[in-house]
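Given next are the chains, with one letter for each unit.
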Amino acid sequence: MTTENKPTVLEVKNLWVTYATENGPLDTVRNISMKIRRGEIYGLVGESGSGKTTLARALVRYLPSNGSITKGTITLGETDLLALSPREMRKVWGARVTMVHQDPSKAINPSIPVGEQIAEVARVHLGMSRAQARHKALEMLEKVQLPDPESVAGRYAHQLSGGMLQRILIATALTTNPQFLIMDEPTTALDVTTEAVILDLVRDLLHEYQTAVLYITHNLGVVARICDRVGVMYAGEMMEEGSIQQVFKQELHPYTLGLLGCVPRIDMCKLDIDLHTIPGFIPRPNALPHGCIFAPRCAIAEEACRQERPPLVEVAEGHLSACRRWAEVADNMQKIVPLEKDREEVDQQDVPLLLDARNIEKQFKLRRQGLSNLFSWKPDVVRAVDNMSIRVRKGATMGIVGESGCGKTTFARCIAGFEEATSGDIFLEGEALPRSIAQRSKSTLKKIQLVFQNPDASLNPQHPVGVSVGRPLALLGNVLQSEIDQRVRELFEAVNLPADYVNRLPHELSGGEKQRVAIARAFAANPDLMILDEPISSLDVSVQASLMNLLAELQKAKGTSYLFISHDLAAVRHLSDWIAVVYLGRVWEIGSAEDVFAPPYHPYTEALLSAIPLPDPAIHQERIRLHGSVPSAVNIPSGCRFHTRCPRKIGTICETEDPPWQNVNRFHSICCHIPLEQLTAMQVPVASETGKEQP
Amino acid sequence: MENIQSARPLPTSRAARSLKRMRRYPATMIGFAIVGIFILMALIGPLIAPYKFSDQDLVNKLQPASSEHWFGTDQFGRDIFSRILTGSRDVFTIAGSGTLLAVLMGLTLGMLSGYLGGAVDETIMRFMDVLLSIPPLLLAMIILGTVGPSRLNIVLVVSFLYIPMVSRVVRSVVLDLKTREFIEAAKMRGENNGYILFREILPNVLPPLAVEASMRFSYSIFLVASLGFLGLGVQPPSPDWGMMVSEARTWFNLAPWILLYPAGTIAFLVVGVAFMSDGLRRMLLPGGVSG
């Protein structure tokens, strides 16, 4: 699938974008040149704040009113875009250039049926009649593989799932058969299984339509899976550019190498490797360092790097790097990303239990909406957590994975006591714990602490962060203020925050820093069990990596047990000693992290693993896809709950009978009808030691 | 473990940024200036008034503005400027303490209602709905008509009318805050309800409450003036702005200024307070907050 000889669709030369701000002009994008050919998917990666979205908007002249293109040229096909009047530009938008946004629920008008929204594009830009446009809309819905396009076309946004909405946006964007399509993080808001399906669809469709695509993402795995070329942006400039094969095989810029090192690998865990982190922050466009803009954060920067800004040079055919030491990057790999550690074998298996949650059930009664309320007095019951048993050993991490809506967060909230479990028993160090937080004594409350997903909401915006961290200590009573201050300073040091941050308010901190404060606050109570509910998923890859390292380090130092909840399997693999795979309120596979990530898998685990976008185009992954979304927890399918989506369903037995638990070894069990030997025979490892598929 | 960040520079202080934001909106500055002038007027006005508000000078009645009588004289020859100056005290004390009382009561009820929820919430809020369903001026007239228009009664009526609005705003903010994770974190470490209400929630209610209070204040000024106009305000001989407008109607053909000056003053103050509350909103609630 080479695109080398195809005609160029979009050509950008020396583009500068400037924002007018209160503090004077800010050059947000500087001197970018790029080419996107017909049928080529160009991936644009970089941390948040690197100017990816600004560049994309500038390419189609869709900047906010205070932004302007100050230098450079943009050519789309034969047209010089910068020469067009706003009126002519409007004809380009939506017809020759289209866009797919990150959050499909916001990009679709909630009060117009989705089919009509596609038809409208066809009428306006293709001049079709109502009937023709309607026909076109149905055709597009079929193209994006939506089941039953007729019925989908008549529905509104709230009646469709996130994955379906994203397909509708893609359908809308392709209706006019545009020359150039911008996709801005189109799968970031989706589950990993849905993401995999959408990525397959995008790749197939775009190669069919031969559209030139700019694909913005922060996920290098996604780039490796679908892009042809990739550009790595940093603080408004291009650091490295090349074909996927070139860039992933031989990184010629320390930033690219660093970004790749931040991503946890699914064949290694915290015992094998510390994740790489990029220290410091991305510079603001008005405070750029002299010389190479990446030098202050670069492990191999030398004096000369700080003197002069290196240009982007073509190192090999089509492979560009902005590092003066590009030739030495590969040799200095060890300096930039950490090596594997000598593994300290810890025998986890006979460590005593800390938490033993048995047969936890949580049901919510749903009030019926509308008229049906009058005719039925029996409320619908949502069985969010249905008989889940999970144990956490002392000093170990239990990871819980599953798609959204599988009940993992509800389970965690039951353990924390925010939700009172409908039935089941919770034991902490052998002692029964009351189900509701109101009935727990202060001393037991202290033993379980929580770190939430959203760092913005988890800190009181009006309290200086030092107060938030010190409060659990003050609650112990009989502690002098000076002792509290001392402990707070220690905690700040433990989470790598400067001590003078104590007086700052949360809004004066970055997302990663806020999450560090939240972790410090949780550790202040000196808990035995920490519940980590997606603590890193809203953050940048480099920040994720440093937080995961921090969590691993703190666990080692303090012996705290973690209950780590995430939909990011690579992160779970990295941090967890034990993993439970959850679907529709129940555990389907449980075992040590290594066992769960190797065959035999439960078919659901297999599908989840196969969906992970791995940041290495050389790895061939089995293509096992789950279609549709998780069924509603009101009407749970009979028999094996997974049978409606299971790619390995064996027959009616799956629909009628509850599958049995089969033990692979003392600690690894799978709940499936398929015998273990058969599962082992069918499945291949996701990533073996060498990272390549085994024959 | 990497040595994280060489400490990012601390953004400028909150107050400094608020001021900066305010400077971008001239209307806000004007609003604060107007309110400032009126407060000064209420404080020292009666001391610097050129005449006593009740001094009659029947020879010089219905005079237009002149260097002797800046705003002219009324039908009894009283100096309108002095009357407006003196009357400003009542406006601030009555509308101000009415608003203050409404804010305090509304804050209490709203916090209880939002935080406790359930039956308490239902009871309080349905009672508020009943109050809201009666036109405010009508309700005020009925009450004052029954109990008589003393200063204290007017204050009570003003606060009574505005408690529902304030408590609704507070309640919705509390409802939003209650589900935030920092409240859950507080429960998780065993804080009691008192701490959660007063230390975690209250500080976050204050900014939207300040905005609401300033808006209520401008409505109160209006209400007090309306009541005065209807004869249910502060009784003569006190120089009430609303009453001045009402009495001046008879003489409008002969001497329109005796109506226009007090009416203009009321409008000026109300607009000033409205600008100020808009500015407070921009300063305290950047990005907007539910409520």
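Scroll up to find the structure this text is about.
Residues numbered from 1 in each chain as written. Chains lettered and ligands numbered in written order. Predicted model: local features only at pLDDT ≥ 70, side-chain atom pairs only at ≥ 80, totals over all residues.

What to know about the overall build of chain A
Rule in force here: What counts as a helix is a DSSP run of H or I of at least four residues, what counts as a strand is a run of E of at least two, and both are numbered from the N terminus. When we talk radius of gyration, it's over C-alpha atoms, and the globule rule is simply 2.2 Å times the number of residues to the 0.38. Here exposure depends only on C-beta density: within 10 Å of a residue's C-beta, 20 or more other C-beta atoms make it buried, 12 or fewer make it exposed, and intermediate numbers make it partly exposed, the C-beta atoms being placed from the backbone. Each residue gets a C-beta atom placed from its backbone, and two residues are in contact if those atoms lie within 7 Å.
Scanning chain A for helices and strands turns up 27 helices and 24 strands. What you see for chain A is a C-alpha radius of gyration of 26 Å, in line with the 26 Å of a compact globule of 695 residues. Taken along its principal axes, the extent of the C-alpha atoms in chain A is 75 × 65 × 55 Å. A total of 695 residues make up chain A; the buried ones form 50% of that total. When contacts within chain A are restricted to residue pairs at least 6 apart in sequence, long-range pairs at least 24 apart make up 70% of them.

A few points about the interface of chain A and chain B
Just so we agree on the cut-off: Polarity classes work like this: nonpolar for Ala, Val, Leu, Ile, Met, Phe, Trp, Tyr, Cys and Pro, charged for Asp, Glu, Lys and Arg, and polar for all others, with Gly in that last group.
On the side of chain B, 22 residues touch chain A, which itself brings 32 residues to the contact. Where the side of chain A that touches chain B is concerned, the elements lending two or more residues are helix H17 (442-447), strand E18 (448-451), helix H18 (455-458), helix H19 (465-475) and helix H22 (541-558) of chain A. Residues belonging to the side of chain A that touches chain B are distributed by class as follows: 15 nonpolar, 10 polar and 7 charged.

Considerations on the packing of H19 of chain A against helix H21 (residues 511-524) of chain A
All names here are of chain A. Put simply, the rule is: To get an axis, fit a line to the C-alpha atoms, keeping to the stretch in contact for a helix; angles then go from 0 to 180 degrees between the N-to-C directions. Oblique is the label for every angle not falling under 35 degrees (roughly parallel), over 145 degrees (roughly antiparallel), or within 65 to 115 degrees (roughly perpendicular). Here a crossing is taken to be left-handed if its near helix is turned anticlockwise relative to the far helix by less than a right angle, and right-handed if that turn runs clockwise.
One can describe the packing of H19 onto H21 by two numbers: an axis separation of 7 Å at closest approach and a directional angle of 15°. As judged from the angle between their axes, H19 and H21 are roughly parallel. Read as a crossing pair, H19 and H21 show a hand that is right-handed. Contacts from Val 465, Ser 468, Val 469, Pro 472 and Leu 473 in H19 reach Val 517, Ala 520, Arg 521 and Ala 524 in H21.

Comments concerning unusual backbone geometry
Phi is mostly negative for residues that are not glycine, and the peptide bonds are mostly trans. Residue and element names in this part refer to chain A. Note the cis peptide between Pro 599 and Pro 600, where omega equals 0°. For Pro 600, the position within the fold is in the loop between helix H24 (593-596) and helix H25 (603-611). Despite not being glycine, Glu 185 has its phi angle at roughly 45°, a positive value. With respect to the helices and strands, the residue Glu 185 is situated in the loop between strand E7 (180-184) and helix H8 (192-209). Glu 185 sits in the partly exposed class, given 18 other C-beta atoms within 10 Å. Backbone geometry at Asn 526 places phi at a positive 55°, although glycine is not the residue there. Mapped onto the elements, Asn 526 comes out in the loop between H21 and strand E19 (529-533).

Observations concerning the pairing of strand E9 (residues 229-234) of chain A
Residue and element names in this part refer to chain A. Rule in force here: When DSSP finds at least two bridges between two strands, those strands are taken to pair.
E9 sits mainly inside the fold: 6 of its 6 residues count as buried. In E9, alternate side chains face the same way, and those of Arg 229, Gly 231 and Met 233 on one face and Val 230, Val 232 and Tyr 234 on the other are all buried. Relative to E9, strand E3 (residues 41-45) runs parallel, the two being bridged by 4 bridges. Each residue of the ladder has a partner; that of Leu 44, found in E9, is Gly 231. As consecutive antiparallel partners, E9 and strand E10 (residues 237-243) are separated by 2 residues, and within that stretch Ala 235 has a phi angle of approximately 50°, a positive value.

Concerning the sheet that holds strand E23 (residues 661-663) of chain A
All names here are of chain A. Spatially, E18-E19-E20-E15-E21-E22-E24-E23 is the arrangement adopted by the 8 strands of the open sheet, whose pairing is mixed. Where the open sheet ends on each side, the last strands, each with one partner, are E18 and E23. Averaged over all neighbouring strand pairs, the angle between strand axes comes to 20°, with direction disregarded. As paired strands, strand E22 (residues 586-592) and strand E24 (residues 669-671) are joined by 2 bridges and run antiparallel to one another. Across the sheet, residue Ile 590 finds its bridge partner in E24, namely Ser 669. Each of strand E15 (397-401), strand E21 (578-583) and E22 touches H25; the most contacted strand, E21, lies at about 100° to it.

Regarding the nonpolar core
Basically, it comes down to this: A set of buried Ala, Val, Leu, Ile, Met, Phe, Trp, Tyr and Cys residues, joined to one another through C-beta atoms within 7 Å, is what we call a nonpolar core.
Within the largest apolar cluster, 273 residues are counted, with the highest numbers of intra-cluster contacts made by Tyr 215, Ile 415, Ile 531 and Leu 563 of chain A together with Val 158 and Val 224 of chain B. Those residues in contact with Tyr 215 of chain A that sit more than four places away from it in its chain are Ile 41, Tyr 42, Gly 43, Leu 44, Met 183, Ile 226 and Cys 227 of chain A.

Describing the sheet that holds E3 of chain A
Residue and element names in this part refer to chain A. Here 8 strands make up an open sheet; going across it, the order is E6-E7-E8-E3-E9-E10-E12-E11 and the pairing mixed. Of all the strands in the sheet, the pair left with one neighbour each is strand E6 (97-100) and strand E11 (313-316). On average, each strand axis in the sheet is tilted by 25° relative to the strand beside it, whichever way the strands run. Sheet topology places E3 next to strand E8 (residues 212-216); 4 bridges connect them, and they run parallel. Bridge pairing in E8 links Leu 44 to Ile 216.

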